Amino acid sequence: MKKREFIVQDLLSKIYQEEFSAGKLPNQRTLAQTYGVSRFTIQQAIKNLEEIGIVKVVQGSGIFIHEKWVKNPMIFNSLTRTPYDRIHSKMISLNKAAATLDEQQIFQIGPDEEVWTFERVRIVNYKIEQLETSKLPVSLFPELTQEIVEHSIQRYVESCGYRISHYITSYTPITTSTAQSGILLCKRGTPAMQISNRAILEDGRVYEFSNIVAIDYAVTYIRPFDREIHRSRID
């Protein structure tokens, strides 16, 4: 593990253990001395924490911790730790067709209804890192365009008057196929992560189902220990 990554994870651990009671981190000089690294390495680590929303750097005042994040589970990966202005999407295809049996079951729609299917790549720091195939029911979203696909689907959904509740996500390690490798510009058989998402509205309806193939993928989970659930699993 790179020194910067170690520092990020160590600081996250200390933040979640509430070791910084004043609500702010020590200054960069002190952190550099503590970890035995250069101030540049500390600056990069703090930048990572700032990009995922854990801290806010106020020049001349210090490095402040966002309390709301500490009280909730958090997941960060190559996308969530990268600012939006360094993430771009490019649409490959957009089609509308009659819902298959699987799609009818996922979206709880009838056999005479239609489903949008789009493919796009996610470009992170000028490098193609993800290939996404997503489906949305036409009954919820009569209009879907390239502009929408290449921007934020979540923002579009809520602009339509819906409120997003949560996501159900599963991860499966895979190797890339020939077709996937051609799009992701990597060798066939490159290790990757397949990420399946069901996106759910507050009324319980599934509004999107997606499969993402991600290369250079790493994820970190931070979650509070739920003692009651732990005990119930033992009992």
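Residues numbered from 1 in each chain as written. Predicted model: local features only at pLDDT ≥ 70, side-chain atom pairs only at ≥ 80, totals over all residues. Heavy atoms only, no water.

1. Notes on the confidence of the model for the protein chain
When pLDDT is averaged along the protein chain, the result is 87, and 85% of the positions lie at 70 or above. Between the elements of the protein chain, mean pLDDT differs from a low of 60, seen in strand S4 (residues 74-77), to a high of 96, seen in helix H6 (residues 146-149). (pLDDT = per-residue confidence, 0-100. Helix = DSSP H or I, 4+ residues; strand = E, 2+ residues; numbered from the N terminus.)

2. A closer look at the sheet that holds strand S10 (residues 206-214)
Think of a sheet as strands paired side by side through backbone hydrogen bonds, with each pair either parallel or antiparallel. What the six strands build is an open sheet, ordered S5-S6-S7-S10-S9-S8; its pairing is antiparallel. This sheet does not close on itself; its edge strands, each paired only once, are strand S5 (87-98) and strand S8 (164-175). Direction aside, the axes of adjacent strands within the sheet are offset by 15° on average. Relative to strand S6 (residues 114-124), S5 runs antiparallel, the two sharing 11 bridges. Its bridge partner lying in S6, Met91 is registered against Arg120. (Pairing = 2+ DSSP bridges. Axes fitted to C-alpha atoms, helices over the stretch in contact; angles between N-to-C directions.)

3. Quick word on the pattern of salt bridges
Scanning all chains against the criterion turns up seven salt bridges. Note that Glu103 is salt-bridged to Lys135, the shortest N-O span being 3.0 Å. On the criterion of sequence distance, the pair formed by Glu103 in helix H5 (residues 101-107) and Lys135 in strand S7 (residues 127-137) is long-range, its members being 32 residues apart. Note on Glu103: relative accessible area 8%, which makes it buried. Taken together, the shared-partner salt bridges in this structure form one network comprising Arg120, Arg122 and Glu132. (Salt bridge = Lys/Arg side-chain N within 4 Å of Asp/Glu carboxyl O. Buried < 20%, exposed > 50% of the residue type's maximum accessible area, 1.4 Å probe, protein only.)

4. Focus on the environment of Ser170
Topologically, Ser170 is positioned in strand S8. Residue class for Ser170 comes out partly exposed when judged on its relative accessible area of 38%. Sequence separation between Ser170 and Arg198 is 28 residues; the distance between their C-alpha atoms is 9.2 Å. When sequence neighbours within four positions are dropped, the list of residues in contact with Ser170 reads Gln194, Ile195 and Ser196. (Contact = heavy atoms within 4.5 Å.)

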